[in-house]
Amino acid sequence: MPQEIRVRIAPSPSGNLHIGTARTALFNYLFAKKHHGKFILRIEDTDMERSDNEYIKNIFDSLKALGLAWDEGPDVGGEYGPYSQSERFDIYPKYAQILIEKGYAYECFCTPEELDAERIFSQEKKIAHVYSGKCKNLTENEKEELRKQGIKPAIRFAVEAKNLIFDDLVKGELKFDTSLIGDFVIMKSNGSPTYNFAVVVDDILMKISHILRGEDHISNTPKQILIYEALGANIPEFGHLGMILAPDRSKLSKRHGATGVSEFVEKGYLIDALVNFVALLGWSPSDGVEIKTVDEIAQDFRIREVSSSNSIFEYDKLNWMNAQYIKKLSTEELKQKLLPFLGQYDLSELSENKFTRMVEVTREPLVILSDITDAVSYFFGESVEIEPEVQSEVLDKDVSQVVLKEVQELAKNWNFDDEDALHHTLEELRTSLKERSIKPKETMWAIRAAVTGRVKGADICAVLAILGKEKVLKRLNG
RNA sequence: GCUCCCAUCGUCUAGAGGCCUAGGACACUUCCCUUUCACGGAGGCGACGGGGAUUCGAAUUCCCCUGGGAGUACCA
């Protein structure tokens with residue numbers, strides 16, 4: 001690869017940063033990193049009606065959170081700006097004009113009605129719809145006449161019929177018959193460029209060397225290559241990634257849960273886990289070790305080895321990976337990340353030390369951060385809600401009643417400030433009750449059920465110590 | 001309809017003619033550990049969509065079918 005490697009991600013701010021866009025961004029970033037190139041962010045906000053500043057901010061924030069720092073972009077600037085398409089409006093007509101002068105484009109005065117009629121006609125004949133090209137050979141006089149009628153022309157690219165072949169970085173050789181494309185519009189009659197034209201002009205001007213994007217763009221590629229050729233520009237390398245599909249093999253949409261990166265974060269997914277997971281959709285590590293940092297992945301990344309098929313977004317593995325990343329967090333880091341999910345509790349009930357201890361003993365089964373909300377509920381409040389099954393399966397049993405009666409008295413003298421001591425105390429309790437043929441398990445369950453209202457949860461000694469004598473006694477008697 | 005892309009366990013994938021009685025990860029499952037849940041450890045279940053062709057030999061190459069996906073706009 002001779003020239004400088006320059007890749008870009010060009011999201012359109014019509015929604016929060018989509019997980020699919022995030023993956024495309026990641027692969028571009030990985031490719032740039034691997035080849036010591038530049039990663040560029042360009043905002044395609046041409047469609048003013050659907051663009052929103054709030055989404056631009058979301059895209060910035062999400063990309064940053066993902067750790068995908070861009071070298072050039074709307075906020076940081078760069079040599080080839082501006083990087084917001086809305087600020088580049090005046091540069092497109094110029095290039096359209098050049099194409100007209102060189103005979104690669106022409107003005108089209110067809111009305112939407114005429115165009116619709118053509119389309120319906122081809123549909124009925126069951127052939128590929130191709131614009132007839134009837135405006136291609138309009139004389140100057142005819143054009144002048146049309147203009148006088150007040151018709152504003154669009155500009156169409158005159159497509160030459162030929163076989164177009166290119167070597168896709170992930171799909172391999174791709175072939176197209178351009179006669180099936182038809183002369184397409186590059187400038188709308190309102191003066192704004194169409195997507196296919198704007199991207200090419202921007203990519204040429206920004207010296208983009210490699211275009212890695214979703215395979216939904218494959219059919220745009222021949223049109224774009226034609227424009228590159230007509231403009232006499234270097235044609236970049238293309239690589240089309242498979243799509244990310246929902247488990248039902250349809251397009252991933254809100255119906256399937258979160259689609260935006262920020263939504264995953266709000267649900268309690270760790271951004272590192274998300275990136276790692278998404279990298280594994282299409283890419284696989286050469287050493288078989290799946291948990292890796294972005295830098296490690298970049299070292300090992302080879303675009304030509306990326307899978308060319310679509311992949312399905314399954315939560316099972318994401319969940320597993322998220323749990324792995326949670327395990328790697330220090331308790332201090334975890335405490336900070338957990339805070340947003342503990343809003344409904346009065347944290348002042350707990351000292352800093354007890355709060356830390358609580359996190360330590362409840363973190364093990366966490367899959368997503370928001371799991372903490374439920375996992376920790378019995379630590380707060382004076383009384384505790386007893387689950388119905390716990391009541392009938394445990395508390396109502398005679399053994400439990402015996403145990404609790406015993407404990408209610410004994411606990412008054414327990415040392416709740418020392419977890420180790422508590423541990424010994426309970427061990428003694430188990431052995432002594434065992435002599436009265438009460439199983440250790442039954443002893444522990446009875447206490448756990450009465451104090452937490454559940455049959456599962458954190459180490460019971462830690463729970464008792466964190467709750468403290470007052471709350472425990474109250475619950476034992478409640 | 002037309003054009004294009006894709007096709008290995010349920011899912012993500014390894015595999016680029018013999019190393020494959022197809023490997024790994026997640027999920028599922030059995031057992032162990034254990035005061036519960038979980039974690040962890042040791043096993044198990046489980047796939048080359050179908051049919052031709054090339055070859056001594058095909059998951060790997062070619063063709064057809066089937067299935068899935070995408071595009072088909074003066075949207076991006």
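One can find the structure itself at the top, above this paragraph.
The rules we used
Residues numbered from 1 in each chain as written. Chains lettered and ligands numbered in written order. Predicted model: local features only at pLDDT ≥ 70, side-chain atom pairs only at ≥ 80, totals over all residues. Heavy atoms only, no water. Near = heavy atom within 4 Å. Polar contact = N/O pair within 3.5 Å; in protein donor to acceptor, adjacent residues only side chain to side chain. Helix = DSSP H or I, 4+ residues; strand = E, 2+ residues; numbered from the N terminus. Nonpolar A, V, L, I, M, F, W, Y, C, P; charged D, E, K, R; others polar. Salt bridge = Lys/Arg side-chain N within 4 Å of Asp/Glu carboxyl O. Buried < 20%, exposed > 50% of the residue type's maximum accessible area, 1.4 Å probe, protein only. Contact = heavy atoms within 4.5 Å. Pairing = 2+ DSSP bridges. Right-handed = clockwise from strand over helix to strand, strands pointing away. Axes fitted to C-alpha atoms, helices over the stretch in contact; angles between N-to-C directions. Parallel < 35°, antiparallel > 145°, perpendicular 65-115°, else oblique. Left-handed = near helix turned anticlockwise from the far one by under 90°.

Novice: Looking at this structure, how should I read the protein's contact with RNA strand B?
Specialist: Around RNA strand B, 58 residues are found, and the nearest of them are Lys-188, Ser-219, Leu-280, Glu-290 and Gly-457. Considering RNA strand B, the proportion of its atoms within 4 Å of the protein that are sugar or phosphate atoms stands at 73%. Backbone polar atom of Gly-282 to a phosphate oxygen of RNA strand B: 2.8 Å apart, as the coordinates give it. Residue Arg-448 places a side-chain N or O atom 3.2 Å away from a base nitrogen belonging to RNA strand B. Elements that contribute at least two residues to the surface near RNA strand B include exactly α4 (112–124), β4 (154–157), β6 (172–177), β11 (311–312), α11 (315–328) and α18 (440–452). Considering every element that reaches the surface near RNA strand B, the biggest residue donor is α11, with five residues. Its residues assigned to classes, the surface near RNA strand B comprises 19 nonpolar, 17 polar and 22 charged.

Novice: Can you help me understand the pattern of salt bridges in this one?
Specialist: When their charged atoms lie close together, side chains carrying opposite charge are able to pair. Inspection of the entire model under this criterion finds 33 salt bridges. With its nearest N and O atoms 2.7 Å apart, the salt bridge here joins Asp-203 to Arg-8. Separated by 195 residues along the polypeptide, Asp-203 in helix α6 (residues 195–205) and Arg-8 in strand β1 (residues 6–9) bring together distant segments of the chain. Residue class for Arg-8 comes out buried when judged on its relative accessible area of 6%. Here Arg-304 ties to Asp-167 by a salt bridge, and the two come within 2.7 Å at their closest N and O atoms. You can see Arg-304 sitting in the loop between α10 (294–300) and β11 and its partner Asp-167 sitting in strand β5 (residues 163–168), a full 137 residues away along the chain. On the basis of relative accessibility, which here comes to 41%, the residue Asp-167 falls in the partly exposed class. Bridged by salt links that share partners, the residues Arg-8, Arg-42, Glu-44, Arg-88, Asp-202 and Asp-203 form one connected network.

Novice: When you look at the side chain of Thr-362 in this model, what are you seeing that I'm missing?
Specialist: Tracing the backbone through its elements, the reader meets Thr-362 in helix α13 (residues 352–362). When its relative accessible area of 4% is taken as the criterion, Thr-362 is described as buried. Of the polar contacts made by the side chain of Thr-362, one reaches the backbone oxygen of Met-358; its length is 2.6 Å. When sequence neighbours within four positions are dropped, the list of residues in contact with Thr-362 reads Ile-372, Ala-375, Val-376, Phe-379 and Ala-458.

Novice: Looking at this model, I keep getting lost on the pairing of strand β9 (residues 237–241). Mind explaining?
Specialist: Looking down a regular strand, the side chains alternate between one sheet face and the other. Among the five residues of β9, four are classified as buried, and the element is accordingly described as predominantly covered. Strand direction decides the pairing type here: strand β8 (residues 210–214) and β9, joined by five bridges, are parallel. Note that in β9 the partner of Ile-211 across the bridge is Phe-238. The β-α-β motif built from β8, the intervening helix α7 (residues 221–230) and the parallel element β9 has right-handed crossover chirality.

Novice: For this particular structure, what's the right way to read the sheet that holds β4?
Specialist: Within a sheet, adjacent strands bond to each other through the backbone by hydrogen bonds, running parallel or antiparallel. The strand order across the open sheet formed by three strands is β3-β4-β7, and the pairing between neighbours is antiparallel. Looking along the sheet, the strands with just one partner apiece sit at the ends: β3 (105–108) and β7 (184–187). Averaged over all neighbouring strand pairs, the angle between strand axes comes to 45°, with direction disregarded. As paired strands, β3 and β4 are joined by four bridges and run antiparallel to one another. Bridging from a neighbouring strand, Glu-107 pairs with Ile-155 of β4.

Novice: Mind showing me how you'd approach the packing of α6 against α7 here?
Specialist: Between two packed helices, both the angle of their axes relative to each other and the distance between the axes serve to describe the pair. It is the contact of α6 with α7, at a shortest axis distance of 10 Å, that shows an interaxial angle of 50°. By the angle class used here, α6 and α7 are oblique. The handedness of the crossing between α6 and α7 is right-handed. Between α6 and α7, the residues in contact are Tyr-195, Asn-196, Phe-197, Val-199, Val-200, Asp-203 and Ile-204 and Lys-223, Gln-224, Ile-227 and Tyr-228, respectively. For the contact of α6 with α7, the class distribution of residues is seven nonpolar, two polar and two charged.

Novice: Mind showing me how you'd approach α7 here?
Specialist: For an α-helix, 3.6 residues make a turn, and residues three or four places apart therefore share a direction. With eight of its 10 residues buried, α7 lies for the most part within the structure. Looking at α7, one finds that the buried residues are Thr-221, Pro-222, Gln-224, Ile-225, Leu-226, Ile-227, Tyr-228 and Ala-230. Following α7 by one or two positions, Gly-232 adopts a phi angle in the positive range, close to 65°.

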